[in-house]
Amino acid sequence: MRRGALAGVLLFGSTILWAQQPGPRGAAAVPPSARDQAPWDPSGYWVSLITQNWRHRMVVVGPGDYIGVPINAEAKKVADAWNPAKAAGKECEAHGGGIVMDLPERLHISWQDANDLRVDTDTAMQTRMLHFLPTRGGAPGGVQAAPTSRPPTAMAPTRQGYSVARWVLPGGGQRFGPAGRAPHSHYGSIEVTTDHLLPGLLRTNGIPYSAGAKKTEWWDLRKEATGEQWLVISTTLVDPQYLTKPYVYDPIFQKEADGAKWDPTACSLTP
Amino acid sequence: MKRSPVALVVLLFGTMLYTSTVLAQVDLSGDWALASDTIDAGNGRLADEYAGIPLNPQGRAAGLAWTADVTQELHRQCNPWSPDYIITGLWGGRFTAVRDRFGTVHGWNVTISVYDRLPMTIWTDGRAPPSPEALHTYSGFTSGKWEGDTLVTMTTHLKDNFIERNGTPGSAQRTFQMFMTPHGDQMAITGVIRDPVYLSAPWVIAATLARRVDRGATVNNRVLYCMPAELEAVSDGYHSATELPDAIQKLKMYETEHYNVPLDAVMGGPQTQYPEFRKRILSEGYKPPTAYCKVNCCEFGSRVCSTKTRASSVKH
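Residues numbered from 1 in each chain as written. Chains lettered and ligands numbered in written order. Predicted model: local features only at pLDDT ≥ 70, side-chain atom pairs only at ≥ 80, totals over all residues.

*Asks:* How would you summarise the overall build of chain A if you had to cite specific residues and measurements?
*Replies:* Along the backbone of chain A there are 4 helices and 12 strands. Counting the 271 residues in chain A, one finds 47% classified as buried. Sequence separation of 24 or more characterises 70% of the internal contacts of chain A that already satisfy a separation of 6 or more. (Helix = DSSP H or I, 4+ residues; strand = E, 2+ residues; numbered from the N terminus. Buried ≥ 20, exposed ≤ 12 C-beta atoms within 10 Å, placed from the backbone. Contact = placed C-beta atoms within 7 Å.)

*Asks:* Lay out the overall build of chain B with the relevant residues and their values.
*Replies:* Scanning chain B from N- to C-terminus turns up 8 helices and 11 strands. Residue pairs at least 24 apart in sequence account for 58% of intrachain contacts in chain B once pairs closer than 6 positions are excluded.

*Asks:* Please provide a residue-by-residue account of the interface of chain B and chain A, values included.
*Replies:* The interface is formed by 59 residues belonging to chain B together with 63 residues belonging to chain A. Among the elements that make up the side of chain B that touches chain A, the one with the highest residue count is strand β11 (residues 203-212) of chain B (6 residues). Across the side of chain B that touches chain A, the residue classes break down as 33 nonpolar, 16 polar and 10 charged. (Nonpolar A, V, L, I, M, F, W, Y, C, P; charged D, E, K, R; others polar.)

*Asks:* So what about the sheet that holds strand β10 (residues 186-194) of chain B? Which residues, and what values?
*Replies:* All names here are of chain B. Spatially, the 9 strands close up into a barrel ordered β1-β2-β3-β4-β5-β6-β9-β10-β11, and their pairing is mixed. Taken over all neighbouring pairs, the strand axes of this sheet differ in orientation by 30° on average, direction set aside. Here strand β3 (residues 105-111) runs beside strand β4 (residues 120-123); their pairing, made up of 4 bridges, is antiparallel. Following the sheet pairing, N109 is matched in β4 by T121. (Pairing = 2+ DSSP bridges. Axes fitted to C-alpha atoms, helices over the stretch in contact; angles between N-to-C directions.)

*Asks:* With reference to specific residues and values, describe helix α3 (residues 57-64) of chain B.
*Replies:* Looking at α3(B), one finds that the buried residues are B:G59, B:R60, B:A62, B:G63 and B:L64. Contact partners of the buried residues in α3(B): β8 (169-170) of chain B.

*Asks:* Talk me through unusual backbone geometry; I want residue IDs and the actual numbers.
*Replies:* The residue A:M125 is not glycine, and still its phi comes out positive at about 50°. Mapped onto the elements of the fold, A:M125 is located in the loop between β3 (116-121) and β4 (127-132).

*Asks:* Please provide a residue-by-residue account of the environment of B:E284, values included.
*Replies:* Counting through the fold element by element, B:E284 comes out in the loop between α7 (275-283) and α8 (307-311). Measuring from C-alpha to C-alpha, the distance between B:E284 and B:P262 comes to 9.6 Å, with 22 residues separating the pair along the chain.

*Asks:* Account for the confidence of the model for chain B, with residues named and values stated.
*Replies:* Residue and element names in this part refer to chain B. The pLDDT averaged across chain B works out to 81; a share of 76% of its residues lies at or above 70. Note that pLDDT drops below 50 for residues 307-316; the model gives that stretch 15 contacts with residues more than four away or on any other chain. We note a pTM of 0.86 for the whole complex and an ipTM of 0.86 for its interfaces. (pLDDT = per-residue confidence, 0-100.)

*Asks:* Which residues make up helix α4 (residues 73-80) of chain A, and what are the values?
*Replies:* All names here are of chain A. What α4 keeps buried is the set A75, K76 and A79. Down the axis of α4, the buried set is contained in an arc of 100°. They therefore lie on one face. Projecting away from the buried face of α4 at angles above 90 degrees are the exposed residues A73 and K77. Lining the buried residues of α4 we find β8 (208-209). (Arc of directions from axis to C-beta.)

*Asks:* Just give me the short version of the nonpolar core, but keep the residues and values in it.
*Replies:* Counting 110 residues, the largest nonpolar core has A:Y66, A:I71, A:I207, A:F253 and B:I189 as the members making the most contacts within it. The dominant element in this core, judged by the number of residues it contributes, is β11(B), at 6 residues. Built from parts of two domains, this core gets at least three residues from each of domain 1 (30-212) and domain 2 (289-316) of chain B. The residues touching B:I189, leaving out its near neighbours within four places in the chain, are B:I86, B:I87, B:M178, B:M180, B:A206, B:A207 and B:L209. (Core = buried A, V, L, I, M, F, W, Y, C linked by C-beta atoms within 7 Å. Domains from an automatic or database assignment.)

*Asks:* Kindly report on the pairing of β4(A), identifying the contributing residues and their values.
*Replies:* Residues and elements named next belong to chain A. Here β4 shows a buried face lined by R128, L130 and F132 and an unburied face lined by T127, M129 and H131. Summarising the sheet, β3 and β4 pair through 5 bridges and their orientation is antiparallel. Of the residues in β4, the one forming a bridge with R118 is M129. Hairpin connection, β3 to β4: the antiparallel pair is bridged by 5 residues, and A124 has positive phi, about 70°. Pairing of β4 with strand β5 (residues 162-168), which is carried by 3 bridges, proceeds in the parallel orientation. Among the inter-strand pairings, F132 is bridged to a residue of β5, identified as A165.

*Asks:* For the domain arrangement of chain B, give the residues involved together with the corresponding values.
*Replies:* Examined at the domain level, chain B breaks down into domain 1 (30-212) and domain 2 (289-316). One C-alpha centre belongs to domain 1 of chain B, the other to domain 2 of chain B, and the line joining them spans 31 Å.

*Asks:* Explain the confidence of the model for chain A to me, using residue names and the numbers behind them.
*Replies:* With 76% of its residues at a pLDDT of at least 70, chain A reaches an overall mean of 83. Counting contacts from residues 137-147 of chain A, a segment whose pLDDT is below 50, to residues more than four positions away or on other chains yields 29 contacts.

*Asks:* An account of the pairing of strand β9 (residues 214-223) of chain A is needed here, citing residue identities and associated values.
*Replies:* Side-chain positions along a regular strand alternate between the two faces of the sheet. Residues and elements named next belong to chain A. Counted residue by residue, β9 has 8 buried out of 10 residues, so it is predominantly covered. One ladder, built from 10 bridges, connects β9 with strand β10 (residues 229-238); its direction is antiparallel. Note on β10: the bridge partner recorded for E217 is T235. Following β9, the chain reverses through 5 residues before pairing antiparallel with β10; G227 in that reversal takes a positive phi of roughly 105°.

*Asks:* Account for the environment of B:A291, naming residues and giving values.
*Replies:* Along the chain, B:A291 falls in the loop between α7 and α8. Between the C-alpha atoms of B:A291 and B:G30, which are 261 residues apart in sequence, the distance is 44 Å.

*Asks:* Residues and numbers for the environment of A:P240, please.
*Replies:* Structurally, the position occupied by A:P240 is in the loop between β10 and β11 (247-249). Residues A:P240 and A:R203, 37 residues apart in the sequence, show an inter-C-alpha distance of 18 Å.

Listed below in C-alpha cells is the structure:
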C-alpha cells in the first residue's frame, strides 16, 4: 500500500516535470515560424484611442509648442525655423517611423508571410514591415538580448525604416509542443527595433528627428473576458542628434471587427 | 527516529511545487519612475480640458463645477489621488513584495515618497474582496493575478475623487484595472477606468515606467507629508472660488482661446477619442494657432525653452 502511494506520487511529479520540458529534439530541427509562435494574433483592424496628450496628437500644434518632447537646443533651433508655408513636398515627414504609431489612424495588420508582419495605416497610407527573428523569446521579465538581424547590406534608409521583431514569451519560450506551436498560453509580447529611418518630424510644427534615430517598441495585447482588446505599444525613440533623452510614448489601439471605417488619406501637414 | 519515505517524497514534492509557484511570479521589486512623455502626466491637463476622456453629461457638469481654487481650502489641500495616479501622475512608485514568514509572496505594496498618492497593496493571493458596503477609501481594494508575465489588477472600493488633476470627476462606483508587463528595465502599464456615474465608455490610458537604479529624489525612502497651510489667493483670469457650470467665463477656456481647439472637443466624450473626430473638426474649419506658444510650451523641467522664449510673440 505504502509503495503504491510512493509510486503514485513519483509518477504524478514526473508528469508535471516532463510537461515543462521543451519539445522533442526532433522539433528543434524546424524552428517554428513567427506566425506559428504567435501566442496571440495581431492581425486585423485596429483604431487608435487618443485618450492622452490629445491636443498634440489630434490637431496641428502651433509654432514653439514643444511640450512633451525632450528636444535639445539644436532641435529647437531647427523647429523654430520651421515654416509650414515652405514645407511643400515634406508632408510625409510627419508620418515617418519616428512617430507614425502615435498618430490618429487605423491599422490593418496582416501576415505577409510566415515571418513578416505587415502594418498599414489609413492616415497617410504608410506601410511598415516587421521582420521576425526565428528565436524563442526569453526569461520572464528579464532583460533580453537585442535582436541581431540586420537589413540587407547597403540598404537605403526609408520613411518607416527597417524593423526587426521577435516574440518574447513567458518562461523563455519553453511552452511549445512538439509541433512548435504554442498550445495554450496567449501571453507574450512583441519586441520591435527599428532603424534605417529617413529624417522626419515628431510634430507638424517642425520638431525633427534624424536619420540616426532608433526606435524600440513593446507590443502588448490587453484582452478582456468581455472580448475587448487593446494593443498597447510602449515606444522608446532615441536620437542622439536631437533629443536630450529617450522620447517615450504609449499609443493605444482598440480592436475593430472589420475594416468598415478604413479611410485612407494622403500625407498632410495642415488641415 | 525513523522517517517515512512517503513523507519525505511528499515534502520534497511540495517544496518543488512551492518553489515553482514563487518563481512563476515576475519580480517587480524596485523603484520605478515615469518614463513616458510628460504632457498630461507632468504639466497636467489644462483647466476644463476633457478631450479624449469619455465623459458623460454628468461627468462634464461635475468637472466644470470644479475649480482649482479648492486647493486653497485647508480641509482639501491634503486630499490624495487614487491608484490611477500611477499613470496620470508623475511619480511612478516603489514596488515591494508582501511576504509571509515563509517567504511566500502574497502581494505587492506600491508606494511613493510624496504624500499625494497613498500606498496601495495589490493582493495576489486570491483573497476575497471586502463586502460592497465596506468602507471606500482613496486607495480602494486591489487584487491581482498573473497572466503570463503580466500582472492584471482590479481596484474597487474607491472613494469619490478625481481621475485627472483638472477636476475630472471619478465616482465611488468606478473601478480601475491595470495590466503591468515588465520589459527588462521598463514596465508597460495600461489602465482602464470604468465609471457608471461619470463615464460613458472605459477610459484606457497607458504609461511606461523605467526602473531607477540611483534611488533618486522622486522615489526614495523619505516620505513627504502634507501640511495644510493658508495660501494667498491667486487668479488665473478664468476661474474664481465659486463657479457654476454654465458660467460665461467657462467658454473662454484655455484650450479654445490659446490653441483654437473647438469647444466640443475640449468638452470630451467618447467620440473625441477616435480619428474620425479629428477629421470632422478639421473639415469644419479648424485653424492651427499661428503665434508662438505661451502656455506650457516645453517639456516639464526643460531648460531648452526659456521663459523669454515662451513669452515671445514671433509669428510666421
